[in-house]
Number of protein chains: 2
Amino acid sequence: MGSKCIGIDIGGTSVKLGIFTVEGKLLEKWEVPTRKENNGSQILPDVAESIKKKLKEMGIEKDDVIGAGVGVPGPILPDGSVEVCVNLGWKNANPQEELSGLLDGMLVRSGNDANVAALGEMWQGGGMGYRDIVMVTLGTGVGGGVIIDEKIIAGRHGLAGEIGHIHVRDEETEYCNCGGRGCLEQVASATGIAREARRAMAASQEPSSMRRFGDHISAKNVLDCAKSGDALALEVTETVSRYLGLACAQIALTVDPEAFVIGGGVSRAGQFLIDRIQKYYDSYVAISANKGVLKLAKLGNDAGIFGAARLVLD
Amino acid sequence: MGSKCIGIDIGGTSVKLGIFTVEGKLLEKWEVPTRKENNGSQILPDVAESIKKKLKEMGIEKDDVIGAGVGVPGPILPDGSVEVCVNLGWKNANPQEELSGLLDGMLVRSGNDANVAALGEMWQGGGMGYRDIVMVTLGTGVGGGVIIDEKIIAGRHGLAGEIGHIHVRDEETEYCNCGGRGCLEQVASATGIAREARRAMAASQEPSSMRRFGDHISAKNVLDCAKSGDALALEVTETVSRYLGLACAQIALTVDPEAFVIGGGVSRAGQFLIDRIQKYYDSYVAISANKGVLKLAKLGNDAGIFGAARLVLD
């Protein structure tokens, strides 16, 4: 039994890698570019080569490594295979098998990147100490991951944790990328928050510190203005928080986790945002005061490598 | 290893019991009254005595019984204990331990009755052949149970599967029993459907075959009128189906089961209701056509004893 594990997080631009102790200490992290040419056929060979080199540099014997986990930006079937991964150009691949072959039979496990990040936050991040968490990632889109009993709930069709597409707003007029209307992502992603702010500015004559950003306003601008007390920005923040609180409530009444871990760029607004989500979450879980707590994520962009490494420890 | 298992479903009026083969064949079922006097202290002794008598009658040796599962109408903590069970008068009890003692050390496992019924439908009912199902029970209230990998997701605070209290309607003015407003149960339970019908009749001058039932209209009356083509009843059915489809969509985007199993008295409306729920469910899971199917429950009031018996087979 080895004392180290490897986490690999494959993104569209770069692959993040990390060497961890089995206790969850990150010993070394680095990146390699994601070479997408030839349907991404170079990605895993590049990863394998880079890992071998790094282990040699660090003087880590192969026998001391339990295995390597891989987070993939797309749906993973129960056998670890990938039908289509648009971001990488992969079709009908089994990255788990392939990488294991490239690493001389090392144990390799794979998972969807959002689910794997959730596992990472459970292991060493905002969800540390809990066995059941739901992660909500507020980035360009809204992603999520559901962990029950320290294991990813991947779902039977790759839809588990797709909480960005939970319908929350009936009166939405624009379509979401998914083809639906009124998805959480349309309001609570970085893109969604900026759009809410543009809508609020257009619909009102009220002076607002948000107006100086015009149509290029970002989610960060909106939340900064809200923190400074700007009334219109606070209104937008309330709307966003209400829908986030609603979605967390719906999830709590389905799987009842110990904690929700809120991450992604938007979550840098910190406790200011959590407090507002909490208010609505409480009101939408009226049945019980005893329910999962809301916490901030802690690992940032490293959540993926942490969670990937954790995949091989079961 | 025995070839039989016992299922016990404790209700407020009667306890249902069943003897099953480990393959899921119901050999015998019967009931005993639920004696609630003295804080329900007679319930488990009555159950134990009745089981011993029945096993003797049937000539089943104790060694041929793997164990007995119990469905309890209230939240069960991870160790099988019950803090409060209002319906039975229990406080700080551990029915699992107590019943095992009364049955000479037989293996006994307990679960919340709604969750246990879901497990029963997975084992031998509408969810047979699936490992991941969500049951939606449309009765006086709306209950539910989430089964992933053939196991109950009970939740950390007893809230998992409490899908009747998922918020679906912002404009609701009345309060739900849970203290919230706009819960699924307020629209889609038998009580809720009748109320929707009364509201629809009051808000319109339209002639309707529902009017002959006046304020005493039942959910069955509403659905029967809808099946006969009554426009107002069809409108109510659409509203109910829309919110049910919405809740199923939210759940699919959280745990992504293979199937939803719709049960309870209201589900006797059959495929007519399922088809309408399906339409909205599809529209609210716009992201993918590949998702959990909607099925009718099959076990009726026996779901509880089936699921309870299944509890001891892991």
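Along each chain, residues carry numbers from 1 onward, in the same order as the chain's sequence is written. To read the labels, note that chains go from A and ligands from 1, taken in the order they are written. With pLDDT at 70 or above as the cut-off, local features in this predicted model cover only qualifying residues; side-chain atom pairs require 80 or more to be listed or tallied, and sums for whole chains, interfaces and linings still use all residues.

Draft legend 1. The interface of chain A and chain B, seen in detail. Opposite the 35 residues of chain A that make contact, chain B presents 35 residues. The secondary structure listing takes helices from DSSP runs of H or I that are at least 4 residues long and strands from runs of E that are at least 2 residues long, numbered from the N terminus. Among the secondary structure elements, those contributing two or more residues to the side of chain A that touches chain B are β9 (142-148) and α8 (231-255) of chain A. Sorting elements by how many residues they give to the side of chain A that touches chain B places α8 of chain A first, with 8 residues. Residue pairs are scored as contacts if the distance between their C-beta atoms, which are placed from the backbone, is within 7 Å.

Draft legend 2. Region of the structure containing the relation of the copies chain A and chain B. The copies are overlaid by a least-squares fit using only the C-alpha atoms of residues whose pLDDT is at least 70 in both copies. For the match of chain A to chain B, the screw axis carries a shift of 0.0 Å, the RMSD comes to 0.0 Å, and the turn is 180°. What the superposition gives is, in effect, a two-fold axis relating one chain to the other.

Draft legend 3. Local environment of the confidence of the model for chain A. Confidence of the prediction at every residue is given by pLDDT, a number between 0 and 100. Residue-level pLDDT values for chain A average 96, and 100% of them are 70 or greater. Under the prediction, the complex receives an ipTM of 0.94, its pTM being 0.95.

Draft legend 4. Main features of unusual backbone geometry. All names here are of chain A. Of note, Asn-92 is a non-glycine position whose phi angle comes to about 45°, a positive value. Inspection of the secondary structure assignment puts Asn-92 in strand β6 (residues 90-93). Backbone-placed C-beta atoms define the burial measure: a residue is buried with 20 or more other C-beta atoms within 10 Å of its own, exposed with 12 or fewer, and partly exposed in between. Asn-92 sits in the exposed class, given 8 other C-beta atoms within 10 Å.

Draft legend 5. A look at the domain arrangement of chain A. All names here are of chain A. Split by domain assignment, chain A resolves into domain 1 (4-122 + 302-311) and domain 2 (129-297). If you average the C-alpha positions of domain 1 and of domain 2, the two centres end up 29 Å apart. Taken together, the contacts link 12 residues of domain 1 with 16 residues of domain 2. Taken together, the elements giving at least two residues each to the side of domain 1 that touches domain 2 come down to β7 (108-112) and α4 (113-124). At 7 residues, α4 tops the list of elements feeding residues into the side of domain 1 that touches domain 2. Source of the domain bounds: an automatic or database domain assignment.

Draft legend 6. Spotlight on the pairing of strand β2 (residues 14-21) of chain B. All names here are of chain B. Here the rule is simple: two strands pair whenever DSSP picks up at least two bridges between them. Pairing of strand β1 (residues 4-10) with β2 involves 7 bridges; the strand directions are antiparallel. Among the inter-strand pairings, Ile-6 is bridged to a residue of β2, identified as Ile-19. Sheet analysis places β2 next to strand β3 (residues 26-33), joined by 7 bridges and oriented antiparallel. Along β3, the bridge assignment pairs Phe-20 with Leu-26. Joining the antiparallel neighbours β2 and β3 is a turn of 4 residues, in which Gly-24 adopts a positive phi near 100°.

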